[in-house]
Structures are given as C-alpha cells and as structure tokens.
Amino acid sequence: MKPILLTGASGALGRMLARELSAAGMTLLLTDIAPFADAVPPGASFTRADLNDGVTISRLAEGCGVILHFGGISVEQPFEEILGPNLRGLYHIYEAARREGARVVFASSNHTIGFHEQGQSLDLDCQFRPDGFYGLSKAYGELMGRLYWDKHGVENVNLRIGTCLPEPRDARALSTWLSYPDLARLVQASVAAARVGHAVIWGASANPASWWAKDHRDRIGWAPQDSAEAYRTQLEGVLHPHEVGRRHQGGAFCVMDYTRPTPPPKDAFSLE
Ligand code: 15L
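Throughout what follows, the structure given in this document is the object of discussion. Remember, predicted model here, so these are calculated numbers, not experimental data. (Residues numbered from 1 in each chain as written. Predicted model: local features only at pLDDT ≥ 70, side-chain atom pairs only at ≥ 80, totals over all residues. Heavy atoms only, no water.)

Here we take up the overall build of the protein chain. A tally of regular secondary structure across the protein chain gives seven helices and nine strands. Taken over the C-alpha trace, the protein chain has a radius of gyration of 19 Å; the compact-globule value for 272 residues is 19 Å, and the two agree within 12%. Overall, the C-alpha framework of the protein chain stretches about 60 × 50 × 40 Å when taken along its three principal axes. Out of the 272 residues belonging to the protein chain, those deemed buried represent 52%. Total accessible area on the protein chain stands at roughly 12,800 Å², and carbon and sulfur atoms take up 54% of it. Charged side chains of the protein chain number 26 positive and 30 negative; the gap between the two group centres comes to 4 Å. (Helix = DSSP H or I, 4+ residues; strand = E, 2+ residues; numbered from the N terminus. Rg over C-alpha atoms; globule rule 2.2 N^0.38 Å. Buried < 20%, exposed > 50% of the residue type's maximum accessible area, 1.4 Å probe, protein only. Areas by Shrake-Rupley, 256 points an atom, 1.4 Å probe, with all protein chains shown as cover. Lys, Arg positive; Asp, Glu negative; His and termini not counted. Charge placed at Lys NZ, Arg CZ, Asp CG, Glu CD.)

Once that is clear, we can look at the environment of Glu155. For Glu155, the location among the structural elements is in the loop between helix H4 (133-152) and strand E6 (156-161). The exposure class assigned to Glu155 is buried, which follows from its relative accessible area of 11%. Sequence-wise, Glu155 and Ala97 are 58 residues apart; in three dimensions their C-alpha atoms are separated by 9.0 Å. A distance of 2.8 Å separates the side chain of Glu155 from the side chain of Arg103, its partner in a polar contact. (Polar contact = N/O pair within 3.5 Å; in protein donor to acceptor, adjacent residues only side chain to side chain.)

In this section: the side chain of Ser22. When you line up the elements, Ser22 lands in helix H1 (residues 12-23). Among the polar contacts made by the side chain of Ser22, one reaches the main-chain carbonyl oxygen of Pro42 at a distance of 3.5 Å. Beyond its immediate chain neighbours, meaning those up to four positions away, Ser22 contacts Leu17, Leu28, Pro41 and Pro42. (Contact = heavy atoms within 4.5 Å.)

Turning our eyes to something else, we now look at the environment of Ala97. Relative to the assigned elements, Ala97 resides in helix H3 (residues 79-100). For Ala97, a relative accessible area of 0% translates into the label buried. Taking C-alpha positions, Ala97 is 7.8 Å from Val66, a pair spaced 31 residues apart along the chain. Every residue in contact with Ala97, bar those within four places of it in the chain, is listed here: Ile67, Ala102, Val104 and Val154.

The next point concerns the packing of aromatic side chains. Within the structure shown, the criterion is met by seven aromatic pairs. Consider the rings of Tyr134 and Phe253, whose centres lie 5.8 Å apart with planes at 55 degrees: the pair is tilted. Taken together, the positions of Tyr134 in helix H4 and Phe253 in the segment after helix H7 (232-235) put the pair 119 residues apart, joining distant regions of the chain. On the basis of relative accessibility, which here comes to 16%, the residue Phe253 falls in the buried class. Between the aromatic rings of Trp211 and Trp212, the centroid separation amounts to 6.2 Å while the plane-to-plane angle is 80 degrees, which identifies the pairing as edge-to-face. Here Trp211 falls in the buried class, since its relative accessible area comes to 8%. Taken together, the aromatic side chains of Trp202, Trp211 and Trp212 make up a single cluster linked through ring pairs. Over the aromatic face of Trp202 sits the side chain of Arg160, whose NZ or CZ is 4.9 Å from the ring centroid. (Phe/Tyr/Trp six-rings, centres within 6.5 Å; stacked < 30°, edge-to-face > 60°. Lys NZ or Arg CZ within 6 Å of the ring centre and 35° of its normal.)

Printed below as a string of structure tokens:
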C-alpha cells in the first residue's frame, strides 16, 4: 500500500489519527506548520510545512496514494487569515493529488451548512449555508473536490464533521458529536474503499438527535458505533456561552464575528 500524507498532523484530530492509523499499519507522512508534540509513531515521519508553499506540498505528496487533508484554520477567523491555508492550501493539495493520482479525504465541516435551523433534517441536497469565512472555505473545499473529480478523475471523500471531541460538552453536541473512534473508523473506511468518486459524508456518531440524514456512507461501508445520547441528562439545556438568540446548526459560529476592519492604506488622507 502506498504511503498516506496527513496534513494538520499536529492538531487534536491529526494527532489522534496519526496514532490510530499508524497502529492500523498505515505508512504515514505527517505534516503541519506547527511542530508535532508527540513521539512520531513507528514507520511515520514528520515534516514541517506551510500549506501556502505549493512546491513543498507537492514534494511531500510524491508517491502517496491518499492525502488526508486535516490542515488549515479550523475555527472562524478573519478572511485574510483563512485565505492562505484554507483556500490556496486546498488548491495545492488537489494539484498534488492530480499529479499523483491520489485520493483526497477532506476534513470538511458542519459549518458549511451552519445557518440551517437546529432540528431541521438535512440530506446532501440541502443548500450550503456557511456560517462564516471558515465554513465558506470548507464549502469551497467540497466544491474543489467536485471539480477535480469531474474534470480530472481525482477521487475524494468529504467528511462534513460535526463536533469531534473526546466527549460532547453542550446540548448542541447531542446532535453533532462525532467520537474519536468513529472518526478513526471513518477515515480508515475512506482510505480502504475500492471506489468513492466524489463523496460527502456527515461526520457524526449514531446520535438519535442527529439533524443529518442520507449521504454516501454506503460507498465506503462506514456506520458509526458511538452515540451522544448517554450524555443527555448532563447536557440538556447546556448552551455554549456564545450561543444565544436564534438556534442554528452551526451554533456559536453563527454569532461569532471575527471580521476586523481593513486598516486604511499608509498614505490615506486624514481629516485630522
Ligand atoms: C468545526 O468545524 C470546528 O473545527 C470545531 O472547532 C468545532 O467548533 C466544530 O466544528 C463544531 O461545530 O462543534
């Protein structure tokens, strides 16, 4: 089996995946702009790289059969901070995949559809309703996958991840939680599947309160095994501090405003 490139390896999900996938016998090339805090797992190597640097990303992907793209900004930020890692970086990943004939497994997010109301059941035919620049960059990533499959035959699996934490922390997560073991199995199934085309899968555990229905999971033979329901008594009524007013699926991201005013040019005319 060809090696697998994992971007975002130093993040919480990246570190967990590095551990689990290496234990499952995969040969991993790990990369991140931040140093890797753990011991590099057996058979793996770690290279620091910026997703903005297309030449390095392309070199790192040489000979890889799959790129697990978990890198980039993972929370709401001003547009200028999202632009490089999430938009330009994604282009570098897809160009590398096209050259290598590799499959891309993309960590997309529920923030692509965050402005749908909570409680509304969504299929894949629902509209993108991004709840910020971060969610918008993830929608762009899914559409990049659509383009590269249609135009270049680059296979891709887009994981629309909900709330991936060791344990759910608030009432919203009773619907959106994805356990670490379910994510690890989801990624393994995305790698192992014979044919995927362009697939989109809701990244949530088997939560009875889920808002997300049909997707392409049959193509990879994945079924989540965990559920947030066991946490219901302790979490019902617990809101994220930013989650106020109208309740949308993207929760606090829908009301966070990270837009900073664009500074005036240095030679701007001043009224003072
Ligand atoms: C995400 O996409 C974020 O990366 C993560 O920080 C969480 O906020 C998660 O979504 C969520 O919606 O709970």
